Amino acid sequence: MNEFDFRKRLLENPTDLDEEMLAFLKDNPDQEQILKHFRLVDQRIQEALHIEAPEGLQARILLNQSYQNLHENNESTAKPLGRDSEPKQPSEVASAWLPWSYFGTGLAASLLVALLVLGPWKPLPFGERPISGDAMVVHILEHIEADPSLMLAQTPPHSPEQLQSLFASVGASLKEPIDSMSYAGECEIEGRLGLHIVMQEETGPVTVIVMPGQKLAAIEAFRAGGYSGELIPVKGGMVAIIGNSMEQLALAQARFFKAVRFG
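Per chain, residue numbering runs from 1 following the sequence as it is written. Where totals are concerned, whole chains, interfaces and linings use all residues; where local detail is concerned, this predicted model gives features only for residues with pLDDT of at least 70, and gives and counts side-chain atom pairs only at 80 or more. The side-chain quantities take in all heavy atoms of the structure and omit both hydrogens and water.

K.L.:
Account for the pattern of salt bridges, with residues named and values stated.
P.N.:
When a carboxyl oxygen of Asp or Glu is within 4 Å of a side-chain nitrogen of Lys or Arg, the pair counts as a salt bridge. For the structure shown, the criterion picks out four salt bridges. Between arginine 9 and aspartate 18 there is a salt bridge, with its nearest N and O atoms 2.0 Å apart. When the shortest N-O distance is used, the salt bridge between arginine 192 and glutamate 190 registers 2.9 Å. Each of Arg9, Asp18 and Glu20 takes part in salt bridges that share partners, so that together they form one network.

K.L.:
Which residues make up helix 7 (residues 160-168), and what values do they have?
P.N.:
Within the sequence span of helix 7, burial applies to Leu163, Leu166 and Phe167. One side of helix 7 carries all its buried residues, which in axial view fall inside an arc of 95°. Along helix 7, exposed side chains directed more than 90 degrees from the buried face belong to Glu161 and Ala168. Should any heavy atoms of two residues lie within 4.5 Å, those residues are counted as being in contact. Secondary structure elements follow DSSP: runs of H or I of four or more residues count as helices, runs of E of two or more count as strands, with numbering from the N terminus. Those residues of helix 7 that are buried are in contact with strand 1 (172-174), strand 2 (181-189), strand 3 (192-201), helix 8 (246-259) and strand 8 (260-262). When a residue's accessible area, from a 1.4 Å probe over protein chains only, is under 20% of the maximum for its type it is buried; when over 50% it is exposed; and in between it is partly exposed. An arc is given here, and it is the one of the directions from the helix axis to the C-beta atoms.

K.L.:
Outline helix 1 (residues 3-12), supporting the account with residue identities and numerical values.
P.N.:
All of the buried residues in helix 1 are Phe6, Arg7, Leu10 and Leu11. All buried residues of helix 1 fall inside an arc of 140° around its axis, so they share one side.

K.L.:
Could you give an account of the pairing of strand 2, with specific residues and numbers?
P.N.:
Note on pairing: DSSP must find at least two bridges between two strands before they are called paired. Pairing of strand 2 with strand 3, which is carried by eight bridges, proceeds in the antiparallel orientation. Bridge pairing links glycine 185 to histidine 196 in strand 3. Hairpin connection from strand 2 to strand 3: two residues lie between these consecutive antiparallel strands, with glutamate 190 at a positive phi of about 50°.

Below, the structure written as structure tokens:
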């Protein structure tokens, strides 16, 4: 196991370490700090993710279940004529097929009610699809091309009040100043507004992009354009952290989530 494999496994589960990971940690005690960081980030993410069920969801599920039960009952009452059955009078044959007509009518009525209650199905609009890591990197490269000084160490010209306003625009707030932050400003990626931050680490600059309204089930790691990155779900959106190495990402994550609160 190498360092990359170790951190990849930490991304999957930073809590339970198997024998191979424990052995690697014993041979590389310097990775203890990285382990603590991943566990801290995982804890903060769990605290930040408080997704409530949409209002009326339980009623919709029960309504849908009632439709299914109705259909099953109608099917069970409809018995087709068997080969060995006795000849039936026309009125009896009509009675035997009567439940199927009810079934068709009931199904149409159920679909109509479901359409009125749940609304028509629509494909997910482009503006609601999660932004990819590739799109984040493309934005960074385009921003650097437009402003070569973007990644240089400098003091942001914003007052504390202006910084709080920037973070509030993406559903976040500053608990304390972010260490080594050299840039903070609004950004637009695929037509959606977010917050673009640059932090200066000892090994080089790291970019953090906060995009509200994005939904992720879990942390996603990616590589694009020579950069390493992670997409991290937070309450109300997503945070992308992009740098040159996994070590950069780990340190930047710790600094960022220490200073920023979501929700």
